[in-house]
Amino acid sequence: MTVAISPTTGRSLREFALLYHDFLPSQEPLREALCVLGNGYFATRGALEWVRAGGPHYPGTYLAGGYNRLETEISGRVVENEDLVNWPNWLPLTFRVEGGEWFSLERVTLTEYTQELDMRRGLLNRTLRFTDEAGRESELRTRRFVHMDKAHLAGLEWTLTARNWSGTVEIESGIDGSVQNAGVERYRALNAKHLRVLATGASSEHSIYLTCETVQSHVRMCQAVRTEVFDEHDRPAAAERRTLDSGEEIAQRIVCTLEQNKPLRVEKVLALFTSRDFAISEPEVEARERIERLESVERLLETHTEAWERLWHRSAIKIEVAQPSCEAQTLLNLHIFHMLQTTSMNTIDWDAGVPARGWHGEAYRGHIFWDEIFIFPYMNLTLPELTRTLLLYRYYRLEQARFNARDAGFRGAMYPWQSGSNGREETQVLHLNPKSGRWLPDHTHRQRHVNGAIAYNIWQYYEATGDLEFLTFYGAEMLLEIARFWASVASYDACRGRYVIRHVVGPDEFHTHYPGSDEPGLDNNTYTNVLAVWTLGTAKRALEHLDEDRTQELCQKLDLTDEEFNRWEEIRRRMFVPFHADETGELVPSQFEGYEALDEFDWDGYRATYGDIQRLDRILEAEGDAPDHYKASKQADVLMLFYLFGHEQLEALFAEMGYELTPRMRERTLDYYSRRTSHGSTLSRVVNAWVCTCMDREHGWDWFTEALRSDIDDIQGGTTSEGIHLGAMAGTVDLVQRSYTGIEMRDGVLWFNPQLPGSLKRLKTRLRYHGHWLA
């Protein structure tokens, strides 16, 4: 079943296909992000082959974990930022007829334009029918892939047909090494030239290559492309070739004859290698050798689609909704598709994390945040090998996390809020408010709760897999060092007779100071404090799963004593959690200590004035105000506790601290904070959907369908074009897989408590639990 074409987006849907039926320049940035093709090793945006960066277009190719640092002077100070690098563009392919202008959609009249993202096979297809200024009618069919089984390969194919003419056609196929990082407008004041070209040349009659290197991290990459032209009988077409080399760009010009109604087929294949790769001699040697022995596009497509078939067999979730539409299923497939393009079998043993915005663009500079907490649950039950690899990204940076903690005056391991190449804190010192044009201090690095997220992910992976080897040699050590960090951060408040955690920022992010204070951070963020308590208990529990020798080894290595463990237990039992009364006089957990003293916010007034107020922080700063003064949050904060732990486990955690958490309190908490949240993060809708589902399934379904549309409709007004929101995509998939099935993993047992909303008639999924597949 196909959804009707939207008149505003030109979009329609099939179960495994996203289709666009016209060319809308204003929609190109969004389409380029949604139509990214990737394989977990590298990804290429869905830009047209013949366009350069500028206007609505932004070609981009990104290597998983391919970072570089540059310095920029801003407001009298030098700041250093580490960015996910935009690598050379391997797509350039264009043509011209009889020596005329090079092809451009602006120079022809389109009679048909169709763009299809084929998610089942991992293909991007286009069909164009057009008439040029000389009245020549032509058809161009294209398809593109980034090989899912052979990580270093990609290709594209053109079929060009002259409908009412014959003549000479000149084809240009190249590699553009002059690219910069310019995909996020608010970063454009920063230095962006990350690459220098080291070598270009022709490997053979049909092949060219370009070798480059990042200017600071010195990662080298070689791209080699082979371009061949075939006639209507699939024989090599007679052609003249010459190579053009400008130093930063290299291309081949291929001149041949195009006869009326006799299609000409162009194949362009890519071999891409870097100095970070395993089992190679050197990137240029590998790329140039591999390109010469590559199979045809047709054969590469066979092995590529077979790999996708295997992935979908493991990963698909089938849903049947009450409405006669495939929209929810298609969007669910789209989200799984982009997860599998960001982390796939090619990710296993590759040293890269999972970025908040995928390898789909330059937003957040490709950094790794806490979004793993939304991404890993789905992987744990389908492709746990990927979770293991991505957790090892954190383990390999444990020593840097220990340094981060010591440098801040703490013990244990303090993981950064934003992580990139080596695990140092990559959160920018200054950030730009595009509404005011001002550069402002950034204190979001105080989101220490990322440490709890990593601990949670380790334990969830172990619960899903029973991977004792991982827990023994990697997971337990991280858990213990994170627990030690929490014990170090917590201080005893003699007046309360409880432990407190001061000067942090919660998931909300809008609140980074108390009103009138110059000191960054807030006291006793409930989410942070409870997550710390859970980590302290879980780290000790992890040791009980290890054999006695390994436990002794770890305690000796980390200098852990009974005295320290006893202090952890005391903190866990006596952690402070703030509460305040809502409008009805009933208690709810406070987002942080002092939250109740903030002013209520004029939500209706600001919506009437501004319409979209998701990024309320930018609006208020432009007015000379700040959200620090108001009961106004960017995204779910306290509600994250219900999302992670459910009511029963959370009730037990509160009881161990000496607090009561009732079902009524959960309902009041959801109502209280939902009305005071702008949902300026796409993650917020996922959390609200999950918590709502436990109490009001139909209301939860409304939140779910809204979350499903976050990226395809770009509900934040331009952010998706800079990179998809992978955490929110994964969260919607996890909602179906775990929330609606009521799946929980506790103490080696898989629990089911299905609670399908009325709008969802049926769902079918496969799960892998402790090595066993369940349908």
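To start, this report covers the structure provided alongside it. (Residues numbered from 1 in each chain as written. Predicted model: local features only at pLDDT ≥ 70, side-chain atom pairs only at ≥ 80, totals over all residues. Heavy atoms only, no water.)

Counting residues in hydrophobic clusters, the biggest one holds 200 residues, and the most contacted among them are Ile-171 and Trp-370. With 12 residues, the top contributor of residues to this core is helix α9 (residues 468-489). By size, the runner-up hydrophobic cluster in this structure holds 15 residues, among which are Phe-145, Leu-153, Val-269 and Phe-273. (Core = buried A, V, L, I, M, F, W, Y, C linked by side-chain atoms within 4.5 Å. Buried < 20%, exposed > 50% of the residue type's maximum accessible area, 1.4 Å probe, protein only. Helix = DSSP H or I, 4+ residues; strand = E, 2+ residues; numbered from the N terminus.)

As a further point, take the state of the cysteines. Scanning the model with the defined rule gives zero disulfides in all. For the unlinked cysteine Cys-212, the closest cysteine sulfur is that of Cys-222, found at 8.4 Å. (Disulfide = S-S within 2.5 Å.)

Turning our attention to the packing of aromatic side chains. What the rule picks out here adds up to 46 aromatic pairs. Their ring planes at 40 degrees and their centres at 5.0 Å tell us that Trp-701 and Phe-704 sit as a pair that is tilted. Taken together, the positions of Trp-701 and Phe-704, both in helix α18 (residues 697-708) and three residues apart, correspond to about one turn of that helix. Like Phe-704, Trp-701 is buried. Put simply, the rings of Tyr-364, Phe-369, Trp-370, Phe-374, Trp-417, Tyr-527, Tyr-643 and Trp-690 pair up and form one aromatic cluster. Residue placement shows Arg-766 over the ring face of Trp-773; its charged tip is 4.3 Å from the ring centre. (Phe/Tyr/Trp six-rings, centres within 6.5 Å; stacked < 30°, edge-to-face > 60°. Lys NZ or Arg CZ within 6 Å of the ring centre and 35° of its normal.)

Below, the discussion takes up the pattern of salt bridges. According to the stated counting rule, one finds 79 salt bridges in the structure shown. For Glu-157, the salt bridge goes to Arg-143, with nearest N and O atoms at 2.7 Å. In this pair, Glu-157 is assigned in strand β12 (residues 153-162) and Arg-143 in strand β11 (residues 137-146), connecting sequence segments 14 residues apart. Judged by relative accessible area, which is 21%, Arg-143 ranks as partly exposed. Note that Glu-170 is salt-bridged to Arg-253, the shortest N-O span being 3.4 Å. (Salt bridge = Lys/Arg side-chain N within 4 Å of Asp/Glu carboxyl O.)

Going through the model one piece at a time under the given rule, you end up with four cavities of 30 Å³ or more. The volume enclosed by the largest cavity comes to roughly 120 Å³. Forming the boundary of the largest cavity are 14 residues, of which Asp-83, Tyr-187, Leu-190, Asn-191 and Ala-192 lie nearest the centre. Sorting the residues of the lining of the largest cavity by element identifies β6 (67-74) and β7 (77-84) as the ones contributing at least two each. Partitioning the lining of the largest cavity into residue classes produces six nonpolar, six polar and two charged. Computed from the structure, the second largest cavity encloses a volume of approximately 60 Å³. (1 Å grid on protein atoms, 1.4 Å probe; cavity = no way out; pocket = protein on both sides within 12 Å on 5 of 7 lines; lining within 4 Å. Points joined across faces, edges and corners; volume = space filled by probe spheres on them. Nonpolar A, V, L, I, M, F, W, Y, C, P; charged D, E, K, R; others polar.)

Strand order in the open sheet formed by four strands is β8-β13-β18-β17, with antiparallel pairing between adjacent strands. Across the chains shown, the open sheet's two edge strands, defined by having one partner strand only, are β8 (93-97) and β17 (240-245). Across this sheet, the average inter-strand angle for adjacent strands is 20 degrees, counted without regard to direction. Strand direction decides the pairing type here: β17 and strand β18 (residues 249-258), joined by six bridges, are antiparallel. (Pairing = 2+ DSSP bridges. Axes fitted to C-alpha atoms, helices over the stretch in contact; angles between N-to-C directions.)

A few words on helix α2 (residues 283-292). Three or more residues of α2 are buried, namely Pro-283, Glu-284, Glu-286, Ala-287 and Ile-291. In a view along the axis of α2, the buried residues occupy a sector of 165 degrees, so they form one face of it. Residues of α2 that are buried in the fold lie against β14 (195-202), β15 (207-214), β16 (220-230) and β19 (264-274). You can read the cap of α2 off the contacts: a side-chain oxygen lies 3.0 Å from the backbone nitrogen of Glu-284, and it is on Glu-282. (Arc of directions from axis to C-beta. Contact = heavy atoms within 4.5 Å. Polar contact = N/O pair within 3.5 Å; in protein donor to acceptor, adjacent residues only side chain to side chain.)

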